[in-house]
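Results of the structural survey
Single-letter residue listing:
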Amino acid sequence: MATNTIAPDKEKLLDWYHQIVLIRQFENACDDLYKQKRITGVYLHLYSGLEATGVGSVAALGKNDNVITAYRDHGIAIARGVDPKLVMAEMMGKRTGTSGGKGGSMHIAERDLNFWGGYAIVAGHLPLAAGIALKEKYVGSENVVLCLMGDGSTNNGYFHESLNLSAVWDLPVVWLIENNLVGMGTRVETSSGQPDLVKRAIAYGMEEGPRVDGQDVIAVHQAVSEAVEYARKHGPILMETLTYRYKGHGVSDKQYDVREGFKEELDEWHHKDPITILANYLKANFGDIQPELDQIQQEADKTVAEAIAFAESSPNPTYEDLISNVYV
Amino acid sequence: MADKNVSMREALRSALMEEMERDESVFVMGEEVGAWQGTHRITAGFLEKFGEKRVRDTPISEMVIAGAAVGAAMAGLRPVAEIMTINFAFLSFDAIVNAAAKVHYMFNGQFKVPLVIRAASGWGNQATATHSHTPEPVFAHFPGLYVGCPSNAHDAKGMLKAAIRDDNPVLFTESIALYPKASPVPDEEYLIPIGKSDVKREGKDVTLVSYARGVEWSLDAAKQLASEGIEAEVVDLRWLRPLDLEPVFESFKRTNHCVVVEESLPHFSFGSEIAAQLQEAAFDYMDAPIKRVSAMDVPLPYAHDIELMALPNAQKVVNAVKEVLK
Amino acid sequence: MAQEIKMPNLGSDMSEGTLISWSKKVGDQINEGDVLAEIDADKATVEVPSPVSGTIIDLIGEEGATLKVGAVIGHVGDAGEKVSGNGNGNGASAPAPVVQAPAQQQTQAAAPAPAPVPVEADGGNLPGGVKASPVARNLAAEKGIDLKLVQGTGPGGRIKKADVEGYTPAAAPSAPAETAAPAAAAITGKSYGDLPAPNPDIEIIDVVKMRSRIATRMIQSKQLIPHFYVTTEIDVEALLNLRKQINAGLDDAHKITVNDLVVKAAALTLRDFPNLNTHYYGDKLVRYKRINIGMAVPVNNGGLMNVVAKDADKVSIGTLAQTNKEMIARAREGKVKPDDISGSTFTVSNLGPYNVEHFMAIINPPEAGILAIATAQKVPVVKADGTLGVGNRMKVTISVDHRVSDGAEGAEYLQKLKALIENPMQLLL
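All figures in this text were calculated on a predicted structure; none of them were measured in a lab. (Residues numbered from 1 in each chain as written. Chains lettered and ligands numbered in written order. Predicted model: local features only at pLDDT ≥ 70, side-chain atom pairs only at ≥ 80, totals over all residues.)

Per the secondary structure count, chain C includes nine helices and 18 strands. Taken over 429 residues, chain C has a buried fraction of 40%. Look at the contacts in chain C between residues 6 or more apart in sequence, and 64% of them connect residues 24 or more apart. (Helix = DSSP H or I, 4+ residues; strand = E, 2+ residues; numbered from the N terminus. Buried ≥ 20, exposed ≤ 12 C-beta atoms within 10 Å, placed from the backbone. Contact = placed C-beta atoms within 7 Å.)

See below:
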């Protein structure tokens, strides 16, 4: 794999910083809104802690490339450039949401941004990623598909069938495992015979990509950029980021943070927080940058506040919405 | 041009070939569709004609066959995915039900899924419990999906072409027993619109409602009944979704008697649905309870005698008609 | 838990009755057995007793309303208790007993026959009281045909479209041009021409409801049931002697009647002829294990009531006589209990007290037979030793539904009955 890349410039880094902070603030707001019952429903899977993986990987794509993910999708949507207002409206089941209030938090998509959505069946989007990649190959484009998935997806039949098919058909897919060490409540080492997940590539004769620090947006971006270039030229590649889920599996997961050893582990990972890591890098390389970071923080807060205001003032879907788009 | 007598197999093959010739975005994928020439020979000669790009052999991976076809369709291609037999579509169930049938609605119209999943269906010749399913009604349960089930060569061709040109996902099943059966098929192009049923025989005494292979039994039964002075009307629904029941209601209002004929199982079935809708729409026209002729409520055995015992046939239809006309 | 009070059985031909009055009101205390309501059952007033003691929680139906047999008409429970929701109890009857408002009653009362025989098996919950397909109902309504007059040929006697299409009102004997159905015609009298104008030589009397019902029921029985009749003559010398002996030691209140003995004999004989202790329901027969003998009792206003001697084959002659006496008295007063008039499996019609030589009775559907008892007569007889003498003989005729049984069985029944009555000691066993 190619390793000669140019370090991202300040502007790009500040943009990533902005995205990470925005996602963090957005998810914190969602958590609060859910507790206040302003966001309802049974499912809400927060991306807190995983932001560097989402922002770094999506930043490695061109605008004609494709991205698809699972149900922990708010962060990916925002990283891909979906307006947080529309994402928040979808959270609240409003007519102005990305799916008109019919998809909910797990089904955010934006066709115009080639963001193919979040999918709620674990690994259910993997074959779709293969199919989208097949189309790119079929029409002779150079576009790739970035398919994010949790570590929990890797033990499902879809994982096997999709990765294998992508290998035999040389499909341009970057299979990216966001390994946050636990699938719902089961640890990777408990659920996987080969917990070094990226090694699964060997079984499919597929390029084995790197296992990178998922908290370091620069490292993620670097590794995914290389994987994307590989996929564009040669076909599928499997890679992995090591990251951590600050919150429970979903907002209804009340038991997660009282588990044995959780506090120590959480503290440990908070020391590797994506925001801290990137801020430290910026400070080390660009001097007194704190005022700019504070400014970004304020902007993010404002964006989230506007998103909430927009969503709450939006209309509910109607009977016509209920019955529309069942069929084309 | 004169119609030619053509087998349903040949009719399906020509439908698929014509659509691939017409539209570059149409392609086939599935197990043994290429080098093997298709398990049921529907794609015989396709690999040679269209090449590997458009005739794609897959691993034995029904989950991803259906799922990747959904992805390709969402992205703008028009895949015709073959599941060798409908029995294996249970492995594809999630991709069909949770993806194909849902993405258009779930993302509020942002994606279309112009997909056809073809699968051979039905029992016979001791294929045993796992290889004898006719679960079309199970799939027809889900909004977002169309389900087509032709009963003869003519319909098969027009229906498959319509399915391929439609922007919605279609599960298209083909009765294995009907593949060799021939019927007149026009040379010129024709489409049979999705969701249009067809009165295959007119009669005044009883309405037989069926689809796919059940139509054959119904027509055979009607012939026998006619010799005894009973005139049965046979309505072939052709599509289980969308369900076009108007001709059934219209017929029932004249005959006041109905027997539903299905190759599939009786519980929560096609027959149950027709009976339910019929009593809602035409209660005041009922002269007897609606009867269903279905497979018996058992898994299908191997031994041929008891296999046949479990399955519907024309005689069972005749008996049921006499029962409702009592 | 509140106890449901149900509309009692009012006799085999009754599926509904009219609420005359409530004897209690909501909130009242009631003891088990106390009368809760009085129902007009055409033939008499039936008192509805409370099955339990407690407080009346609710009463369903206004006075004058028509209530269906078996319907819940009220609840008795603890004070302040609420009746739990509809269908909460297992097999609870739907509390919808009011089948017609009192205002409609007059026209309904004039309406003709009861439902065809097989249909009554369905317990009166069918719409309009008849088993008919929806299209048959519509067609009948369109043509103005009363479905109760149409014979159903479908499964279980269901009236089908073809039955309605093929229905032609049978001509009433004297006025075939009348379009009204025959039974209706017979009752309304329209088929006999216009009612004469009132004049001093005649009195015009309203036909009481009971009379109408008897009329329609008997027409129906005679029209639908292929009766055959078998008669025999029985030597009752020994029976009358036995009765004399028994009664000799009894006060008037406990004396037994010839009727009691004949009922007992008829019941015991039925044990050997279960086919005659059967009710006919089209494609099904209901064979009863209990032998309950209905007895036609003339009542004051000119009607008849069938009181029922339960298990007449089993209970002792003394008990039978006592129970019969009480029931007959209540019937004559028009105050029967629901139980008095329900459950008949076979009927005995006794005209013995009226000095008749011989008669034939009409079967009470859905029963399979009825026994007609004439008056014992002194007649010249050839005695066993060949000499001429005076005998005491009684003619007995059994009417049998030919759909259920045949002549030979009727004859064998009489043979056995005759043997029993002529050797009556067995009646006391």
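In this section: the overall build of chain B. Regarding its fold elements, chain B presents twelve helices and 14 strands. Relative to its full complement of 326 residues, chain B shows a buried share of 58%. In chain B, of all internal contacts separated by at least 6 residues, the share reaching a separation of at least 24 is 78%.

Looking along a regular strand, one sees the side chains alternate between the two faces of the sheet. All names here are of chain B. Alternating positions in strand 13 (residues 258–261) separate into two faces, C258 and V260 on one and V259 and V261 on the other, with burial throughout. Relative to strand 13, strand 10 (residues 206–210) is paired through three bridges, and the arrangement is parallel. Its bridge partner being in strand 13, T207 is matched across the sheet by C258. Remark: the strand 13/helix 10 (residues 270–282)/strand 14 (residues 291–293) crossover connection has right-handed handedness. (Pairing = 2+ DSSP bridges. Right-handed = clockwise from strand over helix to strand, strands pointing away.)

Let us now look at helix 9 (residues 217–233) of chain A. An α-helical segment advances 3.6 residues per turn. Residues three or four places apart therefore align on the same side. Residues and elements named next belong to chain A. Along its 17 residues, helix 9 runs 24 Å from first to last C-alpha, staying within 8% of the 24 Å computed at 1.5 Å per residue. V217, V220, H221, Q222, A223, V224, E226, A227, V228, Y230 and A231 are the residues of helix 9 that are buried. Note on helix 9: the residue one or two positions beyond its end, G235, has a positive phi of about 135°. (Expected span 1.5 Å × (residues − 1).)

Another point: helix 11 (residues 274–286) of chain A. Compared with an ideal rise of 1.5 Å per residue, which puts 13 residues at 18 Å, helix 11 of chain A spans 18 Å between its outermost C-alpha atoms and is within 8% of the ideal. A:G287 sits one or two positions beyond helix 11 of chain A and adopts a positive phi of about 70°.

Another point: the interface of chain C and chain B. Taken together, the contact pairs nine residues of chain C with eight residues of chain B. With four residues, the top contributor of residues to the side of chain C that touches chain B is helix 2 (residues 134–143) of chain C. Partitioned by chemical class, the residues of the side of chain C that touches chain B number four nonpolar, three polar and two charged. (Nonpolar A, V, L, I, M, F, W, Y, C, P; charged D, E, K, R; others polar.)

Now for the packing of helix 7 (residues 258–270) of chain C against helix 8 (residues 317–333) of chain C. Residue and element names in this part refer to chain C. Between helix 7 and helix 8, the least distance of the axes is 10 Å, while the angle of their chain directions is 120°. One finds that helix 7 runs oblique with respect to helix 8. Once helix 7 is placed against helix 8, the crossing between them reads as right-handed. Between helix 7, through D260, L261, V263 and K264, and helix 8, the contact on the second element is made entirely by I317, L320, A321 and N324. (Axes fitted to C-alpha atoms, helices over the stretch in contact; angles between N-to-C directions. Parallel < 35°, antiparallel > 145°, perpendicular 65-115°, else oblique. Left-handed = near helix turned anticlockwise from the far one by under 90°.)

This part is about the nonpolar core. A:C147 and A:V174 are the most contacted members of the largest nonpolar core, which totals 219 residues. With eleven residues, the top contributor of residues to this core is helix 1 (residues 10–35) of chain A. With 74 residues, the next largest nonpolar core counts C:I57, C:I293, C:Y413 and C:L417 among its residues. (Core = buried A, V, L, I, M, F, W, Y, C linked by C-beta atoms within 7 Å.)

Time to look at the confidence of the model for chain C. All names here are of chain C. Scored by pLDDT, chain C has a mean of 79; 82% of the residues are at 70 or more. Taken element by element, the predicted model of chain C shows its lowest mean pLDDT in helix 1 (residues 105–110) (35) and its highest in strand 16 (residues 369–373) (95). This stretch, residues 85–123, has a pLDDT under 50; its non-local contacts, to residues over four places away or in other chains, come to 79 contacts. Taken together, the stretch residues 171–188 has pLDDT below 50 and engages in 41 contacts with residues farther than four places along the chain or on a different chain. (pLDDT = per-residue confidence, 0-100.)

Residue and element names in this part refer to chain A. Taken together, six strands build an open sheet; the order of strands is 2-1-3-4-8-7 and the sheet is parallel. Single-partner strands in this sheet number two, and they are strand 2 (115–118) and strand 7 (207–213). Ignoring which end each strand starts from, the neighbouring axes of this sheet average 15° apart. Examined bridge by bridge, strand 3 (residues 145–150) and strand 4 (residues 173–179) share six bridges and lie parallel to one another. For L146, the partnering residue across the bridge sits in strand 4 and is V174.

Turning to the interface of chain B and chain A, a few remarks are in order. On the chain A side, the residues contacting the 33 residues of chain B number 31 residues. When residues of the side of chain B that touches chain A are traced back to their parent elements, those giving at least two are helix 3 (62–74), helix 4 (93–100) and helix 5 (103–106) of chain B. Sort the elements by how many residues they give to the side of chain B that touches chain A and helix 3 of chain B lands first, with nine residues. In the side of chain B that touches chain A, the residues fall into 17 nonpolar, twelve polar and four charged.

Here the focus is the packing of helix 8 (residues 213–227) of chain B against helix 12 (residues 314–325) of chain B. All names here are of chain B. Interaxial distance between helix 8 and helix 12 falls to 8 Å at its minimum, and their mutual angle equals 55°. Between helix 8 and helix 12, the angle is such that the two are oblique. Relative to helix 12, the crossing made by helix 8 is right-handed. Counted together, W217, S218, D220, A221, Q224 and L225 of helix 8 and A314, V317, V318 and V321 of helix 12 form the full contact between these two elements. Residues belonging to the contact of helix 8 with helix 12 are distributed by class as follows: seven nonpolar, two polar and one charged.

Before going further, it helps to examine the environment of B:R13. Topologically, B:R13 is positioned in helix 1 (residues 8–22). If sequence neighbours within four positions are ignored, B:R13 has contacts with B:I42 and B:A44.

Attention now goes to unusual backbone geometry. Residue and element names in this part refer to chain B. Put simply, R241 and P242 share a cis peptide bond, and its omega is -10°. In this structure, P242 sits in the loop between strand 12 (239–241) and helix 9 (246–255). One non-glycine residue, A212, adopts positive backbone phi at about 50°. On the secondary structure map, A212 appears in the loop between strand 10 and helix 8. Judged by the 31 C-beta atoms lying within 10 Å of it, A212 falls in the buried class. Phi at R238 takes a positive value of approximately 65°, unusual for a residue other than glycine. You can see R238 is positioned in the loop between strand 11 (232–236) and strand 12.

What follows deals with the environment of C:D283. All names here are of chain C. Along the chain, D283 falls in the loop between strand 11 (278–281) and strand 12 (284–287). Overall, D283 belongs to the exposed group, with 9 C-beta atoms counted inside 10 Å. When the C-alpha atoms of D283 and G156 are compared, they prove to be 6.2 Å apart, with 127 residues separating the residues in sequence.

All names here are of chain B. One open sheet holds the seven strands; their spatial order is 3-2-4-5-7-6-12, and the pairing between them is mixed. The open sheet has two edge strands with one neighbour each: strand 3 (55–57) and strand 12. Strand-to-strand twist of the sheet, defined as the mean angle between neighbouring strand axes without regard to direction, takes the value 20°. With three bridges joining them, strand 6 (residues 146–148) and strand 7 (residues 170–175) adopt parallel strand pairing. Directly across from Y146, in strand 7, lies its bridge partner V170. Packed on one face of the sheet, helix 7 (residues 153–165) meets strand 2 (26–30), strand 4 (78–85), strand 5 (116–121), strand 6 and strand 7 and runs near 160° to strand 7.

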